[in-house]
Amino acid sequence: MEWGNTSIDTVQAASTRTKAINAYKKFLKRGSFTTSYGRTYIIHGFTTIDINKDGIPELIIESEGDRGISVFTYKKGKVRMLSDWIGQVWAWDKKGDYIEYNTSQKALIVRTHGGTGLAGYDLVPYKHGKVYSRLNIYMSCQWMNGKVTSRSCGYTKWGGESRGCSYNTYKKFRRNYFTGRNVKKYYFMRNTASKRNKLR
């Protein structure tokens, strides 16, 4: 027989989740937020993802204008900013803007774009109280007459320097971390009263 307090922990997590969702609704209703260094962001859209799978979802915000992505969590009864900027929204389809999440890596996927022909991905987990880019891959292409004439690929791991790599290595990184059945889409909802009320 195993002894433990799993049921108690589950109830406590559910209670904290409810408190977090209610706090997020109030936070979103303000319509904007200001960072510690004085920059104010207008909240355009939002979604929630339990990044580290602790039972408490994080609040992911898309800002108006620059489409920047900010991440918040609920801790000690307050909505706390983890990062005011982890990238921009470069993923959308006919349903709207979205951010991706790798369930096996427990990390957000942020698509990157650096101008004509330069694009890539960031793998962003939430560990030890912070969000950070654990892995970035990128590819720069040159085009002529609608065809790719050359590619330059590379990657950067957390705490390391950027390294060049082959196109096959780039595709392997993309396949293992940024695509596949473990990658889920989370669509940003517009910051309206009706959408906020749908938060559960």
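Residues numbered from 1 in each chain as written. Predicted model: local features only at pLDDT ≥ 70, side-chain atom pairs only at ≥ 80, totals over all residues. Heavy atoms only, no water.

**Describing the overall build of the protein chain**
For the protein chain, the helix and strand inventory stands at 3 helices and 15 strands. Referenced to the eigenvectors of the C-alpha coordinate spread, the extents of the protein chain come out at roughly 60 × 50 × 35 Å. Residues counted as buried form 38% of the 200 residues belonging to the protein chain. Long-range pairs, those at least 24 residues apart, make up 44% of the contacts in the protein chain with a sequence separation of at least 6. Accessible surface computed for the protein chain: about 12,000 Å², of which carbon and sulfur atoms make up 48%. Between the centroid of the 36 positive side chains of the protein chain and the centroid of its 14 negative side chains there is a distance of 3 Å. (Helix = DSSP H or I, 4+ residues; strand = E, 2+ residues; numbered from the N terminus. Buried < 20%, exposed > 50% of the residue type's maximum accessible area, 1.4 Å probe, protein only. Contact = heavy atoms within 4.5 Å. Areas by Shrake-Rupley, 256 points an atom, 1.4 Å probe, with all protein chains shown as cover. Lys, Arg positive; Asp, Glu negative; His and termini not counted. Charge placed at Lys NZ, Arg CZ, Asp CG, Glu CD.)

**Some remarks on helix 2 (residues 167-178)**
Along an α-helix, a turn takes 3.6 residues, which lines up residues three or four apart on a common side. Given a rise of 1.5 Å per residue, 12 residues ought to cover 16 Å, and the 15 Å separating the end C-alpha atoms of helix 2 matches this to within 8%. Elements in contact with the buried residues of helix 2: strand 8 (107-113), strand 9 (118-127), strand 11 (135-144), strand 12 (147-157), strand 13 (163-165) and strand 14 (183-187). Gly 180 lies just past helix 2 and shows a positive phi near 110°. (Expected span 1.5 Å × (residues − 1).)

**Considerations on empty space enclosed by the protein**
With the rule as written, the count across this model stands at 1 cavity of 30 Å³ or more. Estimates place the volume of the largest cavity at around 40 Å³. Lining the largest cavity, in full, are Ile 69, Gln 88, Val 89, Trp 90, Ala 91, Tyr 98, Ile 99, Glu 100, Ile 109, Val 110 and Arg 111. Looking at the lining of the largest cavity, the elements that each hand over two or more residues are strand 7 (96-102) and strand 8. Looking at side-chain class alone, the lining of the largest cavity contains 8 nonpolar, 1 polar and 2 charged residues. (1 Å grid on protein atoms, 1.4 Å probe; cavity = no way out; pocket = protein on both sides within 12 Å on 5 of 7 lines; lining within 4 Å. Points joined across faces, edges and corners; volume = space filled by probe spheres on them. Nonpolar A, V, L, I, M, F, W, Y, C, P; charged D, E, K, R; others polar.)

**Concerning the packing of aromatic side chains**
Taken as a whole, this structure holds 13 aromatic pairs when the rule is applied. Where Tyr 132 meets Trp 158, the ring centres are 4.7 Å apart and the plane angle is 50°; that geometry is what we call tilted. Remark: Trp 158 occurs in the loop between strand 12 and strand 13 and Tyr 132 occurs in the loop between strand 10 (130-131) and strand 11; sequence separation between them is 26 residues. A relative accessible area of 52% means that Trp 158 is categorised as exposed. The interplanar angle of 50° and the centroid separation of 4.9 Å between the aromatic rings of Tyr 155 and Phe 173 together place this pair among those described as tilted. Of the two residues, Tyr 155 is situated in strand 12 and Phe 173 in helix 2; the sequence distance between them amounts to 18 residues. The residues Tyr 155 and Phe 173 share a single accessibility class, namely buried. Members of the aromatic cluster, connected to one another through ring pairs, are Tyr 121, Tyr 155, Phe 173, Tyr 177 and Phe 178. Just above the ring of Tyr 167 sits the side chain of Arg 151; from NZ or CZ to the centre is 4.1 Å. (Phe/Tyr/Trp six-rings, centres within 6.5 Å; stacked < 30°, edge-to-face > 60°. Lys NZ or Arg CZ within 6 Å of the ring centre and 35° of its normal.)

**With respect to the pairing of strand 12**
For a regular strand, the rule is simple: side chains alternate between the two faces of the sheet. Here strand 11 runs beside strand 12; their pairing, made up of 10 bridges, is antiparallel. Looking at the pairing, Ser 140 lines up with Ser 152 of strand 12. Pairing geometry for strand 12 and strand 13, over 3 bridges, is antiparallel. Bridge pairing in strand 13 places Cys 153 opposite Cys 165. Count of turn residues in the strand 12/strand 13 antiparallel hairpin: 5 residues, of which Gly 159 carries a positive phi of about 80°. (Pairing = 2+ DSSP bridges.)

**Digging into the environment of Arg 17**
You can see Arg 17 is positioned in helix 1 (residues 6-29). Remark: the alpha-carbon pair of Arg 17 and Asp 54, spanning 37 residues in sequence, is separated by 9.8 Å. With sequence-adjacent residues up to four places away left out, Arg 17 is seen in contact with Gly 55, Ile 56, Pro 57 and Arg 200. Looking at Arg 17, its side chain comes within polar contact range of the main-chain oxygen of Arg 200, at 3.1 Å. (Polar contact = N/O pair within 3.5 Å; in protein donor to acceptor, adjacent residues only side chain to side chain.)

**Quick notes on the confidence of the model for the protein chain**
Summarising the model, the protein chain shows a mean pLDDT of 92, and 93% of its residues fall at 70 or more. pLDDT under 50 marks residues 1-8. Its contacts with residues more than four places away, or in other chains, come to 0 contacts. (pLDDT = per-residue confidence, 0-100.)

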